[in-house]
Amino acid sequence: MTPSLQPHEPSPAQASRPAFARWLGAGNDVTRRFLAAGRIPGLINIAGGLPAPELYPAAEVAELARRAIAEHPPDALGYGPIEGLPELRDALAARFATPDLQLGRENVLVTTSGMQALDLLGKALLEEGGLIAGQFPTYLGALDAWRPRLPTYRSLLLEGPGFDAVAAMAGAQFVYTVPNFSNPTGRLVSLPLREALVEAAHRTGVWLVEDDPYGALHYEGTPLPHLLHLSGRRGGGRLYDGPVVYLGTLSKAVAPGLRIGWVIAAPGMIDALTMAKQGSDMCTSGVTQRIALAALESGLVERLHPAIVGLYRARRDALCAALTEQLAEWFEWEVPVGGMFVWAVARDPSLDTDRLFEAGLKAGVCVTPSSVFDPAGRNRRALRLNFTLNPPDRLAEGVRRLAVAVRALAKEA
């Protein structure tokens, strides 16, 4: 039986029950739909930010899991510290420390995926209706994580003329950025803008969140310094206590099913997030933490990296070639120098990508419309297209089907 992509309708009995929380009415079901799309026979999914499953190191992870349980049964199978396995926190502190950035265990919180870190930030920092400043369009998962608090948003307008970072941050409860290959646009924030953001965070005291799931997926050029490291240069050799909150994950470097992420921040922030985590999952899986620690210590992450970058670079090129062949008349885009996405903007402002999303499903391809990356839902002119999941032939066929959907939609106009 083919799984449905449609939401369930309430039964008459359900209709008489108390209403769900009102914030649910402001949400969308696109994430659920494109994750479910992988189960639809014949449908090509170029919507989600999904890694290539053929790159998952199944045999290596299986052996690490066996050893974790056999050699560390209390850690692997029991409850653990809310903050995370101490050895893993030490390893992460050592991994990100530099001569200018002094980090200790107290700067690190292990989370159950990067998504949990976003949820905990909302719990720790957001009052209902609070202001978040950020890059827009922005990550759909972040909007979903904070939606229960009904926040308001301000765009940073990083590329705008005369950008004033201090003014942009004023009054915000925190600032959310994805400097490396932003989801959804794939953009890389320049070094001068990174420095301006860090300077403004230090001047205003506003928390500056650096979400970095894609930073290692760099296909051309030299990687730019993290906001965390730029901030660490101001520490004077002391344990880091600055305003940057760095979020990382193993989902793109090893496998998303491990659900291992982390926060690196000032000890006070780590304490606040730990309190929020206490009421969330109590503790992250001990098995996966032990696997993560072994993956870092054994060099597995570094061994996997060249194959990941090589495959994804080729798939990026294949997607962009297919777009040029099939959709250059309808869309414009930039070739990203890293990450997982191409952001395609319709040349015709009247082309509604919400409608194109539905037309694409009928044509056998799943894409992500731009409206879900806009808190107000008004941006309906662009598509986020993923190139990491599918091989070149399926990317080409997916774009061909998308072109069919575009032409069908144009005939209806």
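Rules used in this analysis
- Residues numbered from 1 in each chain as written.
- Predicted model: local features only at pLDDT ≥ 70, side-chain atom pairs only at ≥ 80, totals over all residues.
- Heavy atoms only, no water.
- Helix = DSSP H or I, 4+ residues; strand = E, 2+ residues; numbered from the N terminus.
- Expected span 1.5 Å × (residues − 1).
- Bend = angle between axes of the 7 residues up to and from the residue.
- Salt bridge = Lys/Arg side-chain N within 4 Å of Asp/Glu carboxyl O.
- Buried < 20%, exposed > 50% of the residue type's maximum accessible area, 1.4 Å probe, protein only.
- Core = buried A, V, L, I, M, F, W, Y, C linked by side-chain atoms within 4.5 Å.
- Contact = heavy atoms within 4.5 Å.

Engineer: Account for helix 13 (residues 300–326), with residues named and values stated.
Structural biologist: With 27 residues, helix 13 should cover 39 Å at 1.5 Å per step; its first-to-last C-alpha distance of 39 Å lies within 8% of that length. When the local axis directions of helix 13 are compared, the greatest deviation, roughly 25 degrees, occurs at Pro-306.

Engineer: Quick rundown of the pattern of salt bridges? Include the residues and the values.
Structural biologist: Summed over all chains, the structure comprises 21 salt bridges. Close ionic contact of Asp-75 with Arg-290 constitutes a salt bridge, the shortest N to O distance being 2.7 Å. Placement of the pair is Asp-75 in helix 4 (residues 73–77) and Arg-290 in helix 12 (residues 286–297), with a sequence separation of 215 residues. Since its relative accessible area comes to 30%, Asp-75 is described here as partly exposed. Across the pair Arg-347 and Glu-332 runs a salt bridge, and its minimum N-O distance is 3.6 Å. You can see Arg-347 sitting in the loop between strand 10 (341–346) and helix 14 (353–363) and its partner Glu-332 sitting in strand 9 (residues 331–332), a full 15 residues away along the chain. Arg-347 gets classed as partly exposed once you look at its relative accessible area, which sits at 42%.

Engineer: Give me the lowdown on the nonpolar core, citing residues and values where you can.
Structural biologist: With 116 residues, the main nonpolar core has Trp-146, Tyr-176, Leu-208, Val-263, Phe-331, Leu-356 and Leu-385 as its most contacted residues. The leading source of residues in this core is helix 13, at 11 residues. Discounting residues that sit within four places of it in the chain, Leu-356 has contacts with Phe-331, Leu-351, Leu-383, Leu-402, Ala-405, Val-406 and Leu-409. By size, the runner-up hydrophobic cluster in this structure holds 6 residues, among which are Ile-40, Ala-47, Phe-357 and Cys-366.

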